[in-house]
Amino acid sequence: MKIDIVKDIVKAKLLWEKFSPYETVWDEWGFIAPLFHVDQFEPYFLVLVDDDGQELGLWPLWLEKELGRYYAFGGDYLEDIRFWFPLEYFPFLVANLPSTKLFDVNAQAAEQVIKQFPEYKNYFQAVHHRYFLEPAKFNYSVTEYLQTFSKKHRYNLLRDLKKLQDLHYELAWELNEHFDDFVKFNLERFGEESDFIEPLFIEEMREIIQYLVDQQQLRTLVIKINGVVVGLELACEFKGIWYVLNAGQASGFDNLGKLLIMEHIKEAFSRRCKEVDFLAGDTGWKQLWNLDREQYYNFATPDYIPVDPDEEDDD
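Residues numbered from 1 in each chain as written. Predicted model: local features only at pLDDT ≥ 70, side-chain atom pairs only at ≥ 80, totals over all residues. Heavy atoms only, no water.

Draft legend 1. Representation of the overall build of the chain in the model. Summing up its helical and strand segments, the chain has ten helices and twelve strands in all. C-alpha atoms of the chain, sized along the principal axes, occupy 70 × 40 × 35 Å. The buried share of the chain, taken over its 315 residues, is 51%. Put simply, 72% of the contacts in the chain that link residues at least 6 apart link residues at least 24 apart. Surface exposure of the chain reaches about 15,700 Å², of which carbon and sulfur atoms provide 47%. The average position of the 32 basic charges and that of the 57 acidic charges among the side chains of the chain differ by 8 Å. (Helix = DSSP H or I, 4+ residues; strand = E, 2+ residues; numbered from the N terminus. Buried < 20%, exposed > 50% of the residue type's maximum accessible area, 1.4 Å probe, protein only. Contact = heavy atoms within 4.5 Å. Areas by Shrake-Rupley, 256 points an atom, 1.4 Å probe, with all protein chains shown as cover. Lys, Arg positive; Asp, Glu negative; His and termini not counted. Charge placed at Lys NZ, Arg CZ, Asp CG, Glu CD.)

As structure tokens, then:
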């Protein structure tokens, strides 16, 4: 048994396409590849090879050149990380890792490793959660889902949504992502703290969204008032999972965010999706909406030194 290290991006793509389970949108090369920039990163794909030369599995990493540290291919944007190799070889692969950190490792994947190899328990740290709904639990009925709210909470939510009707808004599901509006709303809301301050990030997001458009996976909900876009929320649908990616809205309109969330839930339920994934982290609203949650873990080798003291992110 040996490990081959692949640093060529063309070969890395072929290996990804060979070993990716394609279970989630995070397994899609086209969804992750826009984040790769040759001046910033170098592929570092660990390929597990048996004595007969057969490739058995893959651990796809990249080197962040400026920091001299290794992360999952996709960095901290990637979520729901699984291991693409037989778990029995985990100790062998870990022994050959450089200083490495993975963010948002799938709970089952992490806990399976910990159960089978308890000596690696300290390599994993429970951090934040991902939030989701399973429409089948509610018989694909939004009314039934809302029954999980307290009477007061349900009343207040429905009242706020009803008040919005006074704006005489229009709702539309469009293939057009309205990317410029999305960036503008984000900058208006977060200012200097917005990721969209960085031109490179804008280009990455534009490429990712264009990929989803090309794959006919993008689902864009647009709110218009007098023909002007005042709010939108982007999602993608992949193998029965509805991923709610990001939203933006114009200032001066209360409760548009609630409307966007509710309409995405309605749409995913009507399409009988197996899951609505609201992604990682929470600023409070996800728990208020009674979403289910699942633990995410970070993985780090003992020699990994955090980039900054606030690197760990908890709910």
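What follows continues from the structure just given.
Draft legend 2. Just the sheet that holds strand β12 (residues 292–300), in detail. The twelve strands are arranged β1-β2-β3-β4-β5-β12-β6-β11-β10-β9-β8-β7 in an open sheet whose pairing can be described as mixed. With partners counted over all chains shown, the strands left at the sheet margins are β1 (2–6) and β7 (170–174), one partner each. Across the sheet, the axes of successive neighbouring strands diverge by a mean angle of 30°, strand direction being ignored. As defined by bridge partners, β1 adjoins strand β2 (residues 41–49) across five bridges and the pair is classed as antiparallel. (Pairing = 2+ DSSP bridges. Axes fitted to C-alpha atoms, helices over the stretch in contact; angles between N-to-C directions.)

Draft legend 3. Structural context of the environment of L171. With respect to the helices and strands, L171 occurs in strand β7. Once the C-alpha coordinates of L171 and K224 are considered, the two residues, 53 residues apart in sequence, prove to be 6.6 Å apart. Those residues in contact with L171 that sit more than four places away from it in its chain are L221, V222, I223, L259 and E263.

Draft legend 4. How the structure looks around the environment of P86. You can see P86 is positioned in the loop between β4 (69–72) and α3 (90–94). For P86, a relative accessible area of 29% gives the class partly exposed. With 38 residues separating them along the chain, P86 and L48 place their C-alpha atoms 9.4 Å apart. Non-local contacts of P86, meaning those with residues more than four positions away in its chain, are made with L48 and L56.

Draft legend 5. Just the environment of L218, in detail. Of note, L218 is situated in strand β8 (residues 218–225). Classification of L218 as buried rests on a relative accessible area of 2%. On a C-alpha basis, the gap between L218 and E119 in space is 42 Å, while along the polypeptide they are 99 residues apart. Here L218 is in contact with L175, E177, I209, L212, V213, L234, A235 and C236, once residues within four sequence places are set aside.

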